[in-house]
Amino acid sequence: MTDTLDIELGPAAIGTLVGLAGLTFLLEPLVGPVPVGGLRVRPVALSAVVLAGALLLGAVVFYRRGRRLFALAHGVFGFAWTGIVVGTAVGSGTLLLGGVVVLIAGCGFLVSQSRERS
């Protein structure tokens, strides 16, 4: 009997990113800002960036698997979250509001798509 792990690269990468996002979020009260390039960044901010990457990667992985609605959901929330994170990071109310609008409009679109498929 041979025991082998059947790990798929896409879902494993997404799970790793989500886990890393959670870990950096939990480290916030324990560590100070960490150096990233020439900047010092709080772990909670890194967590938000990593989560955005995981959502966008999820869109690609689900699309390649033929799961169009799941890919759309990950893409919508990935782009919305990215807009919220970047808007907050650079102090742009326009980007922040754009992320919120994409989130709200995306939710409505996804609900209508899921009803059509039922």
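Rules used throughout
Residues numbered from 1 in each chain as written. Predicted model: local features only at pLDDT ≥ 70, side-chain atom pairs only at ≥ 80, totals over all residues. Heavy atoms only, no water. 1 Å grid on protein atoms, 1.4 Å probe; cavity = no way out; pocket = protein on both sides within 12 Å on 5 of 7 lines; lining within 4 Å. Points joined across faces, edges and corners; volume = space filled by probe spheres on them. Helix = DSSP H or I, 4+ residues; strand = E, 2+ residues; numbered from the N terminus. Nonpolar A, V, L, I, M, F, W, Y, C, P; charged D, E, K, R; others polar. Expected span 1.5 Å × (residues − 1). Buried < 20%, exposed > 50% of the residue type's maximum accessible area, 1.4 Å probe, protein only. Contact = heavy atoms within 4.5 Å.

A word on the layout of surface pockets
Reasoning step 1: Reported here for the largest pocket is a volume of approximately 290 Å³.
Reasoning step 2: Looking at the largest pocket, it is lined by 15 residues, and the ones nearest its centre are A45, L46, V49, V85 and A89.
Reasoning step 3: Secondary-structure elements contributing two or more residues to the lining of the largest pocket are strand 2 (39-41), helix 2 (43-64) and helix 3 (68-90).
Reasoning step 4: Tallying contributions element by element places helix 2 first for the lining of the largest pocket, with six residues.
Reasoning step 5: In the lining of the largest pocket, the residues fall into 13 nonpolar, two polar and no charged.

Observations concerning helix 3
Reasoning step 1: A rise of 1.5 Å per residue sets the reference length of helix 3, with its 23 residues, at 33 Å; its end C-alpha atoms lie 32 Å apart and thus fit the reference within 8%.
Reasoning step 2: The complete set of buried residues in helix 3 reads A71, A73, G75, V76, G78, A80, G83, I84, V85 and G87.
Reasoning step 3: Where helix 3 is buried, its residues contact helix 2 and helix 4 (93-117).
Reasoning step 4: G91 lies just past helix 3 and shows a positive phi near 75 degrees.

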